[in-house]
Amino acid sequence: MNHAHKLTDVATLRSQARKHIEAGAVTAGYNADRDRVVKLLNEALATEIVCVLRYRRHHFMARGIHGQSVGAEFLIHSNEEQGHADLLAARIVQLGGEPDFSPDSLSQRSHAEYVAGDTLTQMIQENLVAERIAIDSYRDMILYLGDQDPTTSVLLKQILAVEEEHADELADLLEGLPAHPV
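Residues numbered from 1 in each chain as written. Predicted model: local features only at pLDDT ≥ 70, side-chain atom pairs only at ≥ 80, totals over all residues. Heavy atoms only, no water.

Peer 1: Just to check I follow, could you spell out helix α3 (residues 67-94) for this structure?
Peer 2: Since the α-helix turns once every 3.6 residues, residues separated by three or four places project in the same direction. Taking 1.5 Å of rise per residue, the 28 residues of α3 would be expected to cover 40 Å, and the 40 Å separating its terminal C-alpha atoms lies within 8% of that figure. Just past α3, the residue G96 takes up positive phi, approximately 85°. (Helix = DSSP H or I, 4+ residues; strand = E, 2+ residues; numbered from the N terminus. Expected span 1.5 Å × (residues − 1).)

Peer 1: Just to check I follow, could you spell out the environment of E73 for this structure?
Peer 2: Relative to the elements of secondary structure, E73 occurs in helix α3. In sequence terms E73 and Y55 are 18 residues apart; their C-alpha atoms lie 9.1 Å from each other.

Peer 1: What exactly am I supposed to notice about empty space enclosed by the protein here?
Peer 2: Gaps between atoms show up when a probe of the same size as a water molecule is rolled over them. Enumeration according to the criterion identifies 1 cavity of 30 Å³ or more in this entry. The leading source of residues in the lining of the largest cavity is helix α5 (residues 120-145), at 4 residues. Split by residue class, the lining of the largest cavity holds 5 nonpolar, no polar and 3 charged. (1 Å grid on protein atoms, 1.4 Å probe; cavity = no way out; pocket = protein on both sides within 12 Å on 5 of 7 lines; lining within 4 Å. Points joined across faces, edges and corners; volume = space filled by probe spheres on them. Nonpolar A, V, L, I, M, F, W, Y, C, P; charged D, E, K, R; others polar.)

Peer 1: What exactly am I supposed to notice about the packing of helix α2 (residues 34-61) against helix α6 (residues 150-174) here?
Peer 2: Two quantities define a packed helix pair, namely the angle between the helix axes and the distance between the axes. Where α2 meets α6, the closest approach of the two axes is 13 Å, and the angle between their N-to-C directions is 25°. In terms of orientation, α2 lies roughly parallel with respect to α6. Read as a crossing pair, α2 and α6 show a hand that is left-handed. In contact with V37, L41, E48 and Y55 of α2, α6 contributes T152, L156, I159, E163, H166 and L170. Split by residue class, the contact of α2 with α6 holds 6 nonpolar, 2 polar and 2 charged. (Axes fitted to C-alpha atoms, helices over the stretch in contact; angles between N-to-C directions. Parallel < 35°, antiparallel > 145°, perpendicular 65-115°, else oblique. Left-handed = near helix turned anticlockwise from the far one by under 90°. Contact = heavy atoms within 4.5 Å.)

Peer 1: Help me understand the pattern of salt bridges in this model?
Peer 2: This model, assessed by the stated rule, comprises 5 salt bridges. With its nearest N and O atoms 2.6 Å apart, the salt bridge here joins K39 to E43. Pair noted here: K39 and E43 are both in helix α2, with a separation of 4 residues, about one helical turn. Note that R91 is salt-bridged to D149, the shortest N-O span being 3.0 Å. Of this pair, R91 sits in helix α3 while D149 sits in the loop between α5 and α6, and the two are 58 residues apart along the sequence. There is no split in this pair, since R91 and D149 are both buried. Through salt bridges that share partners, D136, R139 and E164 make up one connected network. (Salt bridge = Lys/Arg side-chain N within 4 Å of Asp/Glu carboxyl O. Buried < 20%, exposed > 50% of the residue type's maximum accessible area, 1.4 Å probe, protein only.)

Peer 1: Mind showing me how you'd approach the nonpolar core here?
Peer 2: Across soluble globular proteins, you tend to see nonpolar side chains buried next to one another. Judged by nonpolar contacts, the single largest core of 38 residues is most densely connected at V37, L41, F74, L88, I124, Y138 and L156. Of all the secondary structure elements, the ones that give two or more residues to this core are α2, α3, α5 and α6. Each residue touching L41, except ones within four places of it in the same chain, is listed here: L88, R91, I92, L95, T152 and L156. (Core = buried A, V, L, I, M, F, W, Y, C linked by side-chain atoms within 4.5 Å.)

Spatial relationships are all this shows, so hold off on functional conclusions.
The structure is reproduced here in structure tokens:
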């Protein structure tokens, strides 16, 4: 057990909590660069929104013998990505920032691209590429934060786990479908 960190006494905790209460969840113990973290979270938010929209399109456009089942999976993923977007937006606000939902700059801020895809195989491939981008993005953000912002790190790790699950499911869907170049 590590006893190197000395616990703050209750009187000090109470006194610190009363100072700068307008900062909400961001206390003096917050060690990360808040503006940078908010910028990164807004990029992640844009990525999630683009993924919501792409999955939604693919849900409605899925055709062929596997179209109904794959389209249903796209809808599930779309809804989960929307949940991620909501979590990210809430965290941005907790950090004193403003979530950027502006459609004008969405695709520029997103790490993933919005690619329509003509066939079911192409749709699955484009979604898999986007998930792989998101996985690396979230991993980078988690490493960047280190132990400076544990709450954001935990949130990003939870989202990362779902993105990895999506990538795995999409890779499974590709098996048995005709191959198309990415």
